[in-house]
Amino acid sequence: MTLDQGAGGPYVTLRGALRLLESVDRHPYGATLRDLARETMLPEPAVRALAALLCEEGYLQAVDGVWVLGGTFAMLGQANREQLIRIRLQHKLTELRDELGAAVYFSRYHDGELRVEAVAEAEHAPAVHEWVDFKATAHASAIGKCLLSQLDHDGRLDHLSRHPIARLTSRTITDSEQLLHRLERQPATVPTLDLQEYALGTVCAAVPVTAGSTVGCLAMSLPVGSAHRLRAAADLLAERAAPLMLAMAV
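Draft legend 1. Structural detail: the packing of aromatic side chains. Within this structure, the stated rule accounts for two aromatic pairs. Look at Trp 131 and Tyr 198: their rings are 6.4 Å apart centre to centre, the planes differ by 55°, and that puts the pair in the tilted class. Of the two residues, Trp 131 sits in the loop between strand S4 (113–120) and helix H5 (142–149) while Tyr 198 sits in the loop between strand S5 (192–195) and strand S6 (202–211), which places them 67 residues apart along the sequence. Judged by relative accessible area, which is 2%, Tyr 198 ranks as buried. Geometrically, the ring pair formed by Phe 134 and Tyr 198 is tilted, given 5.2 Å between the ring centres and 45° between the ring planes. Placement of the pair is Phe 134 in the loop between S4 and H5 and Tyr 198 in the loop between S5 and S6, with a sequence separation of 64 residues.

Draft legend 2. Spotlight on helix H3 (residues 44–56). The end-to-end C-alpha distance of H3 is 18 Å, a good match for the 18 Å that 13 residues give at a rise of 1.5 Å each. Turning to H3, its buried residues are Val 47, Leu 50, Ala 51 and Leu 54. Buried residues of H3, seen end-on, are gathered within an arc of 100° and therefore sit on one face of the element. Away from its buried face, by an angle of more than 90 degrees, H3 presents the exposed residues Pro 45 and Glu 56. Positive backbone phi, approximately 85°, marks Gly 58, located one or two places after H3.

Draft legend 3. The arrangement of the nonpolar core in detail. Ile 143, Leu 147 and Tyr 198 are the most contacted members of the largest nonpolar core, which has 27 residues in total. Elements supplying a minimum of two residues to this core: strand S3 (103–110), H5, helix H7 (176–185), S6 and strand S7 (214–223). If you tally residues by element for this core, the top one is H5, at five residues. Grouped together as the second largest cluster of nonpolar side chains are 23 residues, Val 104, Met 220, Leu 236 and Leu 244 included.

Draft legend 4. Expanded view of the side chain of Thr 192. Among the secondary structure elements, Thr 192 is positioned in strand S5. Under the relative-accessibility criterion, Thr 192 is labelled buried at 5%. Those residues within four positions of Thr 192 in sequence are excluded, and the remaining contacts are Ala 142, Lys 145, Cys 146, Gln 186, Cys 204, Ala 205 and Ala 206.

Draft legend 5. Local environment of the packing of helix H2 (residues 33–40) against H3. Packing of H2 against H3 leaves a shortest axis separation of 9 Å and a crossing angle of 110°. As the angle between them shows, H2 and H3 are arranged roughly perpendicular. From H2, Leu 33, Arg 34, Leu 36, Ala 37 and Thr 40 reach across to H3, where they touch Glu 44, Val 47 and Arg 48. Its residues placed into classes, the contact of H2 with H3 shows four nonpolar, one polar and three charged.

Draft legend 6. Highlighting the environment of Ala 31. Its location among the elements puts Ala 31 in the loop between helix H1 (10–25) and H2. Judged by relative accessible area, Ala 31 falls into the buried class, the value being 0%. A C-alpha to C-alpha distance of 9.8 Å links Ala 31 and Leu 69, two positions 38 residues apart in sequence. With residues near it in sequence (within four places) discarded, Ala 31 still touches Val 24, Leu 36, Val 66 and Trp 67.

Rules of the game
Residues numbered from 1 in each chain as written. Predicted model: local features only at pLDDT ≥ 70, side-chain atom pairs only at ≥ 80, totals over all residues. Heavy atoms only, no water. Phe/Tyr/Trp six-rings, centres within 6.5 Å; stacked < 30°, edge-to-face > 60°. Helix = DSSP H or I, 4+ residues; strand = E, 2+ residues; numbered from the N terminus. Buried < 20%, exposed > 50% of the residue type's maximum accessible area, 1.4 Å probe, protein only. Expected span 1.5 Å × (residues − 1). Arc of directions from axis to C-beta. Core = buried A, V, L, I, M, F, W, Y, C linked by side-chain atoms within 4.5 Å. Contact = heavy atoms within 4.5 Å. Axes fitted to C-alpha atoms, helices over the stretch in contact; angles between N-to-C directions. Parallel < 35°, antiparallel > 145°, perpendicular 65-115°, else oblique. Nonpolar A, V, L, I, M, F, W, Y, C, P; charged D, E, K, R; others polar.

Here it is, written out as structure tokens:
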């Protein structure tokens, strides 16, 4: 396939559009028709036609007789940024999993629901078996209690009204007043624990993470046979939370 398909070919049009965008980018206060024709060495009718097409697609915007870059560029950049953040987050969680010798989780409370957004597990660091939907059991898990503790009182009541407290094990707190009292008194600097409240055979810890308006947490889980390691691992988890979020934001 040849790139040159004649004066009106698609590749010539594409090159013209790219040169036009580059020219507009060099004019932070907007580029005129004369500016663009001179810098791209295209006739003014061709510049008008290309600019109209790019405006339709959102790559350019006409403002007071000049052209500036449109909002489509911001959308493209946002998609790439989110993908890079997800990749970086998974890499950091994997490093933390190996350092702790435990499965590690990143979760957020978004639009009224708990969401486990990333997990790093391995054969030597198995994840918790989700035998009941995590979204419906925030009252019992370390992740859920850590996220709920970051909400205000009304936010907690709203969540519990939509996801009523249920007994999952003999250790689950089923008294709503007792649960709310514990959530209100939970220090932000102290890891939230789950000592077989969600599932028998597993202990967990979670610490809050702050990034803008995010209500999130970093958590870890261990088989109950390794419960003696939970406190030290939870303290290390708390130390790693801030650097992890900083790395994601860079």
